[in-house]
Amino acid sequence: MISIRLKPNKIKGFHAIVERQIQHDWGEGKRMDAREQTAVFIGHNECYGVTAEAVSQAVITLINQGVTIFVSGGQGGFDRLCAGCVNKLRQQYPGIKNLLVIPYLDFTIFDKTLFDEIVYPDDFEKYHYKAAIPARNRYMVDNAAHAICYVNHGWGGAAKTYDRAVRKKLNIINLAK
């Protein structure tokens, strides 16, 4: 793992990245809800039983539905697995983006080379570091229409994030079921 310290003025906001991608994919003046092009990964640190092949197939399914932005929180085994799968699929699907959303500026990034961009949401400096992670998870769900998940029990941060995705009516693929 590497640790980097990012300067706030060097980090682009999530919405600007998505809007830029939409303009690239759909052309200037054409509108598509940014959320419809975005999928979030939600999962436990331990994700025994899920394979890179299953994650890749779920990602390809969403690509075929028009999703081009894949967002990860960068914590735990499931996030690492998903980031690696999207990174490999970029060779076959060069139009997709792999984004990491960090909860605070001195967040430890396991491998920044996997990501196209690192996003630090506007106004997140107001959060205590323990509150920043749930806030980051809410931010990712609120800015996506799709979720690829590995949630097999009802407690912890992944379960809370999954519950929010269900309440927000995201299109959910849960690889734990």
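Description of the structure in this document.

Calculation notes
- Residues numbered from 1 in each chain as written.
- Predicted model: local features only at pLDDT ≥ 70, side-chain atom pairs only at ≥ 80, totals over all residues.
- Heavy atoms only, no water.
- Helix = DSSP H or I, 4+ residues; strand = E, 2+ residues; numbered from the N terminus.
- Buried < 20%, exposed > 50% of the residue type's maximum accessible area, 1.4 Å probe, protein only.
- Contact = heavy atoms within 4.5 Å.
- Areas by Shrake-Rupley, 256 points an atom, 1.4 Å probe, with all protein chains shown as cover.
- Core = buried A, V, L, I, M, F, W, Y, C linked by side-chain atoms within 4.5 Å.

1. Quick look at the overall build of the protein
A tally of regular secondary structure across the protein gives five helices and eight strands. For the protein, the sequential pattern of α-helices and β-strands runs β-α-β-α-β-α-β-β-β-α-β-α-β. Residue burial in the protein is summarised as follows: out of 177 residues, 50% are buried. Considering only contacts in the protein between residues 6 or more positions apart, those separated by 24 or more positions represent 73%. Of the roughly 9100 Å² of accessible surface on the protein, a fraction of 50% belongs to carbon and sulfur atoms.

2. A look at the nonpolar core
Ranked by size, the top nonpolar core spans 32 residues in total, and within it Val40, Ile42, Ile102, Ile109, Phe115, Val151 and Leu170 carry the most contacts. Within the residue set of this core, elements represented by two or more residues are strand S2 (38-43), strand S3 (69-72), strand S4 (97-101), strand S6 (117-119), helix H4 (129-142), strand S7 (146-150) and helix H5 (157-167). The residues touching Phe115, leaving out its near neighbours within four places in the chain, are Ser72, Ala83, Arg90, Asn98, Leu99, Leu100, Ile109 and Phe110. Core analysis: the second largest hydrophobic core is formed by 20 residues, Cys47, Ile60, Ile63 and Ile148 among them.

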